[in-house]
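Summary of structural features
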Amino acid sequence: MLTMHSTLLIGPYDWDAELLPQDEFRERIRDLWASISVQDVVATVVYGDSRNHAEIGYLSNFVPKLGPAFLFIPREGEPRLLVSGAPNMLPAAQRLTWIDKVEPLRDAGKTMRQWIKESAPSASLGRVALIGGHAMRAALYRPFVEAFGPENGPVDGTSILRALMRHKRPRELSLMREACAVLTAAKNALAEAARFGVSVTAVIVEAERAAYHSGAQDVRTLFSLDGGKTLRPFELPLDMAVDPLQAYIAVRYTGYWVEGFVLAARSPNPVWTQAHEALKGVIQIAKAGVPCRELANLAEERIKPYVSHPMTAGNVGNSIGCSLEEAPQLRATSNEKLEAGCVYTLRVGASDGREHHAITSVVIAVHQQGAEVLWSSN
């Protein structure tokens, strides 16, 4: 689920070789090259910035905190990084990645051309596969492409890498389990604070504090002031208690996102109960090969006599991982199917069309024969 992104990335982003050893990243790079079928591509270039860095983080562990960054991966030879900032900031940048060669970003296109000559002196064209180019500002993209000439336009490799990223490797799944534990800590802190009837600001701050205390790199929250009908980001302090309080929490831990909807209420909420029962039915049929539309249609049927919540109507979730939203979207109109080895966030919302509204959710890992619940809002 898309939210406002953080202006400053302040969490712990240093590379931990015990959690993700260098071999893990090198295997990912080998898988990427095995998936690039264009033979005249001599290097892959991955772009990232403070807002769009799932792909560059997946291959290098580097998260650009200060400005744009480029990862250069030749077919033969060692990867290199170009990062924003002065040369005296390189030691700080070096701690974020396993890559040894980290240099200041100047003219990315000319630098890449030079590196291609060094890594593949016999390459006549020097064509590259560009990943993340859609996120580049025109002031960066134009000179980068022009440096290679009109005859050597880059190959778009974004979809190739994203397809690989959807299928979680064993270490990734382990880290996402830990991320779910961080999300649980935030959920419990929110519920405890709400139980004491403190202001909605205090409740949300306590949830975020618990997440960061548990090791979260980033936390994003939304909450409702109208009984769950709409959700909003935290902008200004609000000195008022809210009951029931519908909230959304997303946490990133070691590069991996998980999310969940939480309802803190002092009395039973029949709308939430119906939504959660519907979600149980969705989980029961979630296995590899099941069309996404079947999950969305089942949720729509199971929430009756209530109607779908406006935020979840026709869409019960998506794949999740290094990005909060990975393809596919689990829409009622989708022809895609669930895949084994992928992690999905599922959400079901219901409304009586008047005063009562609720959203419940889970995070699941899909296997060939069914789904494993990694986190639940229940």
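I will try to describe carefully the structure that is included in this document.

Counted by the stated rule, this structure contains 21 salt bridges. As a salt-bridge pair, Lys-168 and Glu-326 come within 3.1 Å of each other at their nearest N and O atoms. Remark: Glu-326 occurs in strand β13 (residues 326-331) and Lys-168 occurs in the loop between α6 (158-166) and α7 (170-195); sequence separation between them is 158 residues. A salt bridge links Lys-280 to Glu-277; its shortest N-O distance comes to 3.2 Å. On the criterion of helical spacing, the pair formed by Lys-280 and Glu-277 is a turn pair, its members being 3 residues apart in helix α9 (residues 270-285). On the basis of relative accessibility, which here comes to 38%, the residue Lys-280 falls in the partly exposed class. One connected set of salt bridges, linked through shared partners, spans Glu-24, Glu-27, Arg-28, Asp-31, Arg-169 and Arg-171.

Following the criterion strictly, the structure yields 6 aromatic pairs and no others. Aromatic pair Phe-70 and Phe-144: ring centres 5.8 Å apart, planes at 15°, arrangement stacked. Of the two residues, Phe-70 sits in strand β2 (residues 69-74) while Phe-144 sits in helix α5 (residues 138-146), which places them 74 residues apart along the sequence. Note on accessibility: Phe-70 and Phe-144 belong to one class, buried. A connected cluster of aromatic rings, assembled from ring pairs, spans Tyr-47, Phe-70, Phe-144 and Phe-148. The positively charged end of Arg-28 is found above the aromatic ring belonging to Phe-25, 5.1 Å away from the centroid. One Lys or Arg, Arg-195, reaches over the ring of Phe-196 and ends 4.6 Å from the middle of that ring.

Right, let's talk about the state of the cysteines for a bit. Using the criterion set out here, one finds 0 disulfides in the structure. Of all cysteine sulfurs in the structure, the one in Cys-322 sits closest to Cys-180, which takes part in no disulfide; the separation is 14 Å. Its sulfur unpaired, Cys-322 is 13 Å from the next cysteine sulfur, which belongs to Cys-342.

On to the nonpolar core, then. Counting 77 residues, the largest nonpolar core has Leu-59, Leu-190, Ile-249 and Val-251 as its most contacted members. The leading source of residues in this core is α7, at 11 residues. Contact partners of Ile-249, with chain neighbours within four places excluded, come to Leu-183, Ala-186, Lys-187, Leu-190, Ala-207, Val-219, Arg-220, Thr-221, Val-258, Glu-259, Gly-260 and Val-262. By size, the runner-up hydrophobic cluster in this structure holds 29 residues, among which are Leu-263, Val-271, Leu-338 and Val-366.

On to the sheet that holds strand β10 (residues 256-264). Pairing in this open sheet of 4 strands is antiparallel, and the strands run β8-β7-β9-β10 from one edge to the other. Looking at which strands have only one partner, the edges of the open sheet turn out to be β8 (232-233) and β10. Bridge analysis of strand β9 (residues 245-253) against β10 gives 9 bridges, and the strand direction is antiparallel. Among the inter-strand pairings, Ala-247 is bridged to a residue of β10, identified as Val-262. Where α7 meets the sheet, it contacts β9 and β10, and its direction lies at approximately 25° from that of β10.

The rules behind each value
- Residues numbered from 1 in each chain as written.
- Predicted model: local features only at pLDDT ≥ 70, side-chain atom pairs only at ≥ 80, totals over all residues.
- Heavy atoms only, no water.
- Salt bridge = Lys/Arg side-chain N within 4 Å of Asp/Glu carboxyl O.
- Helix = DSSP H or I, 4+ residues; strand = E, 2+ residues; numbered from the N terminus.
- Buried < 20%, exposed > 50% of the residue type's maximum accessible area, 1.4 Å probe, protein only.
- Phe/Tyr/Trp six-rings, centres within 6.5 Å; stacked < 30°, edge-to-face > 60°.
- Lys NZ or Arg CZ within 6 Å of the ring centre and 35° of its normal.
- Disulfide = S-S within 2.5 Å.
- Core = buried A, V, L, I, M, F, W, Y, C linked by side-chain atoms within 4.5 Å.
- Contact = heavy atoms within 4.5 Å.
- Pairing = 2+ DSSP bridges.
- Axes fitted to C-alpha atoms, helices over the stretch in contact; angles between N-to-C directions.

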